Amino acid sequence: MKTSLIDGKKPAHFDKHIIGNILLDVVSEAEVREEAMLIGVRNEDGEIYRLIGATKLNSFMNAVEELFDLGLVDELQDTEEPKEDCDAIFSEP
């Protein structure tokens with residue numbers, strides 16, 4: 001899986017836990033956006049500051065599970081529609 005910080009957006013205080021718990025390759029934002037499925041992560045200001053891209057559903061689900069384990073919630077859990085180009089968007093409850 002690939003990840004990128006979005007320029008100009010402040011990382012959330014829990015960001016180091018994401019990097020510590022999920023095996024991610026740091027690449028450009030453009031490369032992450034080429035992946036089949038995208039996960040966005042919001043900071044305390046409500047902005048998506050990190051994108052995580054997964055090629056396979058299995059990888060996507062593993063990342064989602066890790067983010068839930070960190071106590072984050074998926075805004076799109078009850079919908080099948082992508083939002084802000086993301087298939088899941090995680091933030092603190």
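Use the structure listed above.
Caption draft 1: Up close: the pattern of salt bridges. Summed over all chains, the structure comprises nine salt bridges. Between Glu75 and Arg42 there is a salt bridge; the shortest N-O distance is 2.5 Å. A residue pair is termed long-range when its members are at least 10 positions apart, and Glu75 in the loop between strand E5 (73-74) and strand E6 (88-91) and Arg42 in strand E3 (residues 37-42) qualify at 33 residues. Notably, a salt bridge pairs Glu75 with Lys83, separated by 3.8 Å at the nearest N-O pair. Among the charged side chains, a salt-bridge network with shared partners connects Arg42, Glu75, Lys83 and Glu84.

Caption draft 2: Just the packing of aromatic side chains, in detail. Evaluated as defined, the whole model comprises one aromatic pair. Relative to Phe90, the ring of Phe68 has its centre 5.1 Å away and its plane inclined at 75 degrees; by these criteria the two rings are edge-to-face. Of this pair, Phe68 sits in helix H3 (residues 57-69) while Phe90 is found in strand E6, placing the two residues 22 residues apart along the sequence.

Caption draft 3: Structural view of H3. Its 13 residues give H3 an end-to-end C-alpha distance of 18 Å, which sits within 8% of 18 Å, the value for a rise of 1.5 Å per residue. Within H3, burial applies to Phe60, Ala63, Val64 and Leu67. Along the axis of H3, the buried positions cluster into a sector of 100 degrees, meaning they face one direction only. Relative to its buried face, H3 has exposed residues pointing more than 90 degrees away, namely Asn58, Glu65 and Asp69. Buried positions along H3 lie against helix H1 (15-21), E3, strand E4 (48-54) and E6. At the C-terminal side of H3, Gly71 shows a positive phi close to 90 degrees.

Caption draft 4: Just the nonpolar core, in detail. Within the largest apolar cluster, 18 residues are counted, with the highest numbers of intra-cluster contacts made by Phe14, Ile18, Ile39, Phe60, Leu67 and Phe90. Going through the elements one at a time, E3, E4, H3 and E6 are the ones with two or more residues in this core. If you tally residues by element for this core, the top one is H3, at four residues. For Phe14, the contacting residues outside a window of four places in its chain are Val41, Arg42, Tyr49, Leu72 and Glu92. Counting residues in each nonpolar core, the second largest holds nine residues, with Val27, Val32, Leu76 and Ile89 among its members.

Caption draft 5: Fine view of unusual backbone geometry. The backbone of Glu84 shows a phi angle near 50 degrees, a positive value even though the residue is not glycine. Mapped onto the secondary structure, Glu84 falls in the loop between E5 and E6. When its relative accessible area of 44% is taken as the criterion, Glu84 is described as partly exposed. One non-glycine residue with positive phi stands out, namely Asp85, at about 70 degrees. Its location among the elements puts Asp85 in the loop between E5 and E6. Of the residues examined, Asp85 reaches a relative accessible area of 57% and is grouped as exposed.

Parameters at a glance
Residues numbered from 1 in each chain as written. Predicted model: local features only at pLDDT ≥ 70, side-chain atom pairs only at ≥ 80, totals over all residues. Heavy atoms only, no water. Salt bridge = Lys/Arg side-chain N within 4 Å of Asp/Glu carboxyl O. Helix = DSSP H or I, 4+ residues; strand = E, 2+ residues; numbered from the N terminus. Phe/Tyr/Trp six-rings, centres within 6.5 Å; stacked < 30°, edge-to-face > 60°. Expected span 1.5 Å × (residues − 1). Buried < 20%, exposed > 50% of the residue type's maximum accessible area, 1.4 Å probe, protein only. Arc of directions from axis to C-beta. Contact = heavy atoms within 4.5 Å. Core = buried A, V, L, I, M, F, W, Y, C linked by side-chain atoms within 4.5 Å.

Note that all results are geometric; they support no functional claim without further evidence.
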